[in-house]
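One-letter residues, chain by chain:
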Amino acid sequence: MATKINQETADEKRNQADVEVLDVRTDEEVEEGMIPDAIHIPLHQIENKVDELDENKEYITVCASGKRSDKAADFLNEQGYQAKTLDGGMHEWNGEVTQ
């Protein structure tokens, strides 16, 4: 199971140059709003698109509640990336959201 990162820490870290937010929700979910500057790769596509990610960055994975993002973070960590999952997902996110 991937390490969880709390909402406050994630909001602070997401603006660092070496940290990226990776949203693994569906296209329909993302249309409702996402964390600004997040990368969107739905969970079912992550295996095919992992090479598009930078191995030198830390990733904070996010979904609606934390289950899919946990799977994504586990997969990324297994591939040699550094990834943590946003605890509580977008349901708990109280930071900025863009449409």
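Calculation rules
Residues numbered from 1 in each chain as written. Predicted model: local features only at pLDDT ≥ 70, side-chain atom pairs only at ≥ 80, totals over all residues. Heavy atoms only, no water. Buried < 20%, exposed > 50% of the residue type's maximum accessible area, 1.4 Å probe, protein only. Helix = DSSP H or I, 4+ residues; strand = E, 2+ residues; numbered from the N terminus. Pairing = 2+ DSSP bridges. Phe/Tyr/Trp six-rings, centres within 6.5 Å; stacked < 30°, edge-to-face > 60°.

Colleague: Report on the pairing of strand E4 (residues 58–62), specifying residues and quantitative values.
Modeller: Where burial is concerned, most of E4 is hidden: 5 out of the 5 residues are buried. Burial of the side chains of E4 extends over both faces: Glu58, Ile60 and Val62 are buried on one face and Tyr59 and Thr61 on the other. As paired strands, strand E2 (residues 19–23) and E4 are joined by 5 bridges and run parallel to one another. Within E4, the residue paired with glutamate 20 across the bridge is tyrosine 59. By the bridge criterion, 4 bridges tie E4 to strand E5 (residues 82–86) in an arrangement that is parallel.

Colleague: Can you break down the packing of aromatic side chains residue by residue, with the values?
Modeller: All told, the structure shown has 1 aromatic pair when counted by the stated rule. Between tyrosine 59 and tyrosine 81, the aromatic rings sit 6.3 Å apart at their centres with planes inclined by 70 degrees, giving edge-to-face as the arrangement. Residue tyrosine 59 is found in strand E4, and its partner tyrosine 81 is found in the loop between helix H4 (67–78) and E5; the two are separated by 22 residues along the sequence. Owing to a relative accessible area of 6%, tyrosine 81 belongs among the buried residues under this scheme.

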